[in-house]
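Chain by chain, the residues run as shown.
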Amino acid sequence: MRVVQCIRLLGLSMAVLLSQSAFSSESFNDWFDRFKDTATDAELHEFLYAMPKGGDLHQHLSGSIFPEWWWRLALRRDAHGIEYYAKTQINDCSDTSPSAIRPAPYALLYQTIARHRLEALSDCERSEFLPLREFSESQQTAWMNGIWLDKPSEGREAFFETHWQRLGDLTANPWIIAEALALHMKAFAAEGLIYLEPQVTLMGYLDIDGRAVPPEDVAAVIRKRVTQPDVLALNLTIRFQQAVLRFLPDAESKIAEAYRIASRESEWVAINLVGREDDERGHPKRFLETFRTLRRTHPGIHLSIHAGESEFANNNIRDTLLLGADRIGHGLNLLSDPDTLRSMRFGPHLVEINLISNLLLEYVETFDHHPFPELLRIGVPVALSTDDRGMWDSSMTDEYFVAVKTFQLSWAEIKRLSENSLRFAFVEEPVRQALLADYAQKIKAFEFKWQMQGAGLSESAGVSPKRGFVCRKYALCALP
Ligand SMILES: [Zn+2]
């Protein structure tokens, strides 16, 4: 009797009490195993969307922006004053404009350029471009389709050689990038993430006249946006990485500039090397002396570096660890380097796993061929991440969905992935402890709620956004 009175004082019902006793008699691991076996794909997706998550440690901001966001932001002239044009026809004007400003490759439709570049083109080449604001609906659709990597014929070549090129000058606009970052943070917060570490470079931006915008000015634009009330209300902790394209002839001087930026701008905590690994010009050992020299005078700068993003065996992961990398992006061919694999069991380095990216860029034929479950289950620290989800049209929920469906993840494994994403985050120790405590509290409350109510009674049932990738791959979405 006394127990019931106490419960009433707490405002809880008898039903809750009964459910609490059920909660204590079955572990959530067992509950999740039963749920996983009986849930439909749609119910599993709902569950994973509502599930609190840790962080996303591997995402390229400009590859994470959905085409509809780019479109909207490109037309917002009030915020930046820059007008954008895209190529809608080919008039055989090749080599009529100065090579320094000519968009390349020449014959690629829907490349987007700013007005200052358009004005520097030849009359012939200028006639191939149309202002975005004058696009018809079908041209707008074609423009957006040119950013999604969604057709069977599109893969690694399209991604590296056409999709980024189509974005063109949009990625050089700090005001668009700052606004896109706010949208990005809101979407990840809605999925239950509490930490993001996107690659947001501060180099290579241009103003309305095509003049370079200094990195500190770009940092100020981004900082101003992420300290607005609508972003602060998300309670999402964020740090940035400065990415450098590894195969450029001047990559060494870009790395040096990245170190200067990370030393000056407190939110930029790490350097990354990006770009396709099958281009030998960006081999990790090329940069050994560069990193060693910079480390002599720059304390406290982390390295997360792409390595092993290949279907072929090589020693790139071993050589990248030699560069001083704290974390490895992708690590897809780690199983083919046994000595390095053995050295990575139980830490201290984490491998950032990008399941959907690896499939769409043809590094694995099917998810069944992915090394993720082997790494996870022999104790190599791993976490799931989204890479360039704007082009995949996917979410962090989708990464978990693929992992659970393909590899039958246990509840303990799911939680370990989130915890790893916080343990290996490039944050100060008190921040890490606060994030881990926040996650622990949220996941406990989530377990209690779901075990008590079940999927069918969930407040969130039916509301998880299902975007292109999971709609194409699984029977999850209503047919139009
Ligand atoms: Zn990446």
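Residues numbered from 1 in each chain as written. Predicted model: local features only at pLDDT ≥ 70, side-chain atom pairs only at ≥ 80, totals over all residues. Heavy atoms only, no water.

1. Some words on the overall build of the protein
Across its full length, the protein holds 24 helices and 14 strands. For 480 residues, the compact-globule formula gives about 23 Å, and the C-alpha radius of gyration of the protein, at 24 Å, lands near that figure. Projecting the C-alpha coordinates of the protein onto the three principal axes gives extents of approximately 90 × 50 × 40 Å. In the protein, which comprises 480 residues, the proportion classed as buried is 56%. Relative to all contacts within the protein whose residues are 6 or more apart in sequence, the contacts with residues 24 or more apart total 76%. Accessible area for the protein stands at about 20400 Å²; split by element, carbon and sulfur atoms hold 55% of it. Of the charged side chains in the protein, 52 are positive and 65 negative; the average position of the first set lies 5 Å away from that of the second. (Helix = DSSP H or I, 4+ residues; strand = E, 2+ residues; numbered from the N terminus. Rg over C-alpha atoms; globule rule 2.2 N^0.38 Å. Buried < 20%, exposed > 50% of the residue type's maximum accessible area, 1.4 Å probe, protein only. Contact = heavy atoms within 4.5 Å. Areas by Shrake-Rupley, 256 points an atom, 1.4 Å probe, with all protein chains shown as cover. Lys, Arg positive; Asp, Glu negative; His and termini not counted. Charge placed at Lys NZ, Arg CZ, Asp CG, Glu CD.)

2. As for the nonpolar core
Formed by 135 residues in total, the largest nonpolar core has its most connected members in Phe 47, Trp 143, Ile 222 and Phe 372. Domain assignment of the residues forming this core places at least three in each of domain 1 (50-64 + 173-443) and domain 2 (83-167). The residues contacting Trp 143, other than those within four sequence positions of it, are Pro 67, Trp 70, Trp 71, Ala 86, Tyr 110, Thr 112, Leu 132, Phe 135 and Leu 170. Judged by nonpolar contacts, the second largest core, of five residues, contains Tyr 85, Ile 113, Leu 121 and Phe 129. (Core = buried A, V, L, I, M, F, W, Y, C linked by side-chain atoms within 4.5 Å. Domains from an automatic or database assignment.)

3. Describing the side chain of His 306
With respect to the helices and strands, His 306 occurs in strand β11 (residues 302-307). Within polar-contact distance, the side chain of His 306 engages the side chain of His 58 at 3.0 Å. Beyond its immediate sequence surroundings of up to four residues, His 306 is in contact with His 58, His 60, Gln 199, Arg 246, Asn 272, Leu 273, Val 274, Glu 277, Thr 320, Gly 329, His 330 and Asp 387. (Polar contact = N/O pair within 3.5 Å; in protein donor to acceptor, adjacent residues only side chain to side chain.)

4. Thoughts on the sheet that holds strand β8 (residues 237-238)
Taken in spatial order, the three strands of this open sheet run β1-β5-β8, and their pairing is parallel. Where the open sheet ends on each side, the last strands, each with one partner, are β1 (55-56) and β8. Here strand β5 (residues 195-196) pairs with β8 via two bridges, running parallel. Bridging across to β8, Tyr 195 finds its partner in Thr 237. (Pairing = 2+ DSSP bridges.)

5. A word on the coordination of the zinc ion
Distances from the zinc ion to its protein donors, His 58 (NE2), His 60 (NE2), His 306 (NE2) and Asp 387 (OD), fall at 2.1 to 2.3 Å. Taken together, the four donor atoms surrounding the zinc ion define angles of 85 to 176° at the centre, an arrangement classified as irregular. Donor residues for the zinc ion sit on one chain with the sequence pattern H-x1-H-x245-H-x80-D. In this pair, His 58 sits in the loop between β1 and α5 (67-74) while His 306 sits in strand β11, placing the two residues 248 residues apart along the sequence. The pair His 58 / His 306 is uniform in exposure class, with both members buried. (Donors = N, O, S within 2.8 Å, 3.2 Å for Na, K, Ca; no water. Tetrahedral: all angles 85-135°; square planar, octahedral: opposite > 155°, others 65-115°.)

6. Some details on the domain arrangement of the protein
Parsing the protein into structural domains produces domain 1 (50-64 + 173-443) and domain 2 (83-167). Taken over C-alpha atoms, the centre of domain 1 sits 29 Å from the centre of domain 2. Domain 1 puts 21 residues into the contact, and the matching count from domain 2 is 16 residues. Taken over both partners, the interface formed by domain 1 and domain 2 buries close to 1600 Å², and the fraction arising from carbon and sulfur atoms is 57%. Sorting the residues of domain 1 by area buried against domain 2 places Arg 276, Leu 361 and Met 391 first, and these three jointly supply 43% of that buried surface. Where domain 1 packs against domain 2, one counts four salt bridges. A salt bridge links Arg 276 to Glu 157, with the nearest nitrogen and oxygen atoms 2.9 Å apart. Taken together, the links from domain 1 to domain 2 amount to seven residue pairs in polar contact (both at pLDDT 80 or more). Examining the composition of the side of domain 1 that touches domain 2, we find that three residues originate from one element, helix α20 (residues 389-392), more than from any other. (Buried area = accessible area lost by both parts, 1.4 Å probe. Salt bridge = Lys/Arg side-chain N within 4 Å of Asp/Glu carboxyl O.)

7. So, the packing of helix α22 (residues 411-423) against helix α23 (residues 429-453)
Two measures define how a pair of helices packs: the angle their axes make with one another and the distance between the axes. Relative orientation of the contacting elements α22 and α23 amounts to 155°, with a least axis distance of 9 Å. Taken as axis vectors, α22 and α23 run roughly antiparallel relative to one another. Where α22 crosses over α23, the handedness of that crossing is right-handed. Counted together, Trp 411, Lys 415, Ser 418, Glu 419, Leu 422 and Arg 423 of α22 and Arg 432, Leu 435, Leu 436, Tyr 439, Ile 443, Phe 446 and Glu 447 of α23 form the full contact between these two elements. Here the residues of the contact of α22 with α23 are counted per class, giving seven nonpolar, one polar and five charged. (Axes fitted to C-alpha atoms, helices over the stretch in contact; angles between N-to-C directions. Parallel < 35°, antiparallel > 145°, perpendicular 65-115°, else oblique. Left-handed = near helix turned anticlockwise from the far one by under 90°. Nonpolar A, V, L, I, M, F, W, Y, C, P; charged D, E, K, R; others polar.)

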